[in-house]
Amino acid sequence: MATLTSQDSTAQARVYFQTPPGTEDTEVVQKQGRVTVKYDRKELRKRLNLEEWIIEQLTDLYDCEEEEIPELEIDVDELLDMPTDGDRASRVKGLLVDCYKPTDDFVTTLLEKVKGLQKLSTPPKKNEKSPP
């Protein structure tokens, strides 16, 4: 319960929080916490834009709606882990083996877009030490 008081017209109003009746100050109240992962917002925005672009391109390549795209996963972090563009291109072309349209332009543009991204890694847990 909050109480608003103002003693003087020139003083700012203050809000006091009172303990609800029937509870004690010594009672431990557990709050439900949120799990948040902190990433760079710009990097997340780039990733989201890339994913939207990939979906748009795949709907064009497979000539279908988004829901009808064959089950395939283009993992950007996996591509970033690969040592060469040749390896990346081979991986993506392997995923698109069922596509009847030419995929070379898509693969080339995707690799250009991936080059500008950083690999996202989850931050260490509270009890873990971060790498040096």
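Residues numbered from 1 in each chain as written. Predicted model: local features only at pLDDT ≥ 70, side-chain atom pairs only at ≥ 80, totals over all residues. Heavy atoms only, no water.

- If you look the protein up in an unreviewed UniProt entry, it shows as Protein phosphatase 1 regulatory subunit 14B from Coregonus suidteri.

1. A look at helix H3 (residues 85-95)
Logical step 1: Here H3 has its buried residues at Arg 88, Ala 89, Val 92 and Leu 95. Down the axis of H3, the buried set is contained in an arc of 125 degrees. They therefore lie on one face.
Logical step 2: Residues of H3 that are buried sit in contact with helix H2 (76-81) and helix H4 (104-115). (Buried < 20%, exposed > 50% of the residue type's maximum accessible area, 1.4 Å probe, protein only. Helix = DSSP H or I, 4+ residues; strand = E, 2+ residues; numbered from the N terminus. Arc of directions from axis to C-beta. Contact = heavy atoms within 4.5 Å.)

2. Observations regarding the UniProt feature "coiled-coil region" (unreviewed entry) in the protein
Logical step 1: Those places that UniProt annotates as "coiled-coil region" (unreviewed entry) correspond, in this numbering, to residues 55-82.
Logical step 2: As annotated, residues 55-82 comprises 46% helix and 0% strand, and the C-alpha atoms at either end are separated by 22 Å. (UniProt positions renumbered as here; feature names shortened; annotations may be inferred.)

3. A word on H4
Logical step 1: Relative to the 16 Å expected for 12 residues at 1.5 Å per residue, H4 spans 17 Å between its end C-alpha atoms, a close match to the ideal helical length.
Logical step 2: Looking at the buried residues of H4, the elements they touch are helix H1 (41-61), H2 and H3. (Expected span 1.5 Å × (residues − 1).)

4. Overview of the environment of Leu 61
Logical step 1: Of note, Leu 61 is situated in helix H1.
Logical step 2: Judged by its relative accessible area of 9%, Leu 61 falls in the buried class.
Logical step 3: The sequence separation of Leu 61 and Thr 103 amounts to 42 residues, and the corresponding C-alpha distance is 7.5 Å.

5. So, the side chain of Arg 47
Logical step 1: Looking at the secondary structure, you find Arg 47 in helix H1.
Logical step 2: For Arg 47, a relative accessible area of 10% translates into the label buried.
Logical step 3: Within the structure, Arg 47 has its side chain in polar contact with the side chain of Asp 77 (distance 2.7 Å). (Polar contact = N/O pair within 3.5 Å; in protein donor to acceptor, adjacent residues only side chain to side chain.)

6. A short note on the packing of H3 against H4
Logical step 1: Following both chains from N to C, one finds H3 and H4 inclined at 130 degrees, their axes separated by 10 Å at the closest point. With respect to H4, the element H3 is oriented oblique. Regarding H3 and H4, the two cross each other, and that crossing is right-handed. Note on element contacts: H4 touches H3 through Asp 104, Phe 106, Val 107, Leu 110, Leu 111 and Lys 115, opposite Asp 85, Arg 88, Ala 89, Val 92 and Lys 93. (Axes fitted to C-alpha atoms, helices over the stretch in contact; angles between N-to-C directions. Parallel < 35°, antiparallel > 145°, perpendicular 65-115°, else oblique. Left-handed = near helix turned anticlockwise from the far one by under 90°.)

7. Side note on the pattern of salt bridges
Logical step 1: Summed over all chains, the structure comprises five salt bridges.
Logical step 2: Here Arg 91 makes a salt bridge to Glu 78, at a shortest N to O gap of 3.0 Å. A residue pair is termed long-range when its members are at least 10 positions apart, and Arg 91 in helix H3 and Glu 78 in helix H2 qualify at 13 residues.
Logical step 3: Judged by its relative accessible area of 29%, Glu 78 is partly exposed.
Logical step 4: Between Asp 104 and Lys 93 there is a salt bridge, and its shortest N-O distance comes to 3.5 Å. Taken as a pair, Asp 104 in helix H4 and Lys 93 in helix H3 lie far apart in primary sequence, 11 residues in all.
Logical step 5: The class of Asp 104 is partly exposed, set by a relative accessible area of 48%.
Logical step 6: One network of salt bridges, with partners in common, ties together Asp 85, Arg 88 and Lys 115. (Salt bridge = Lys/Arg side-chain N within 4 Å of Asp/Glu carboxyl O.)

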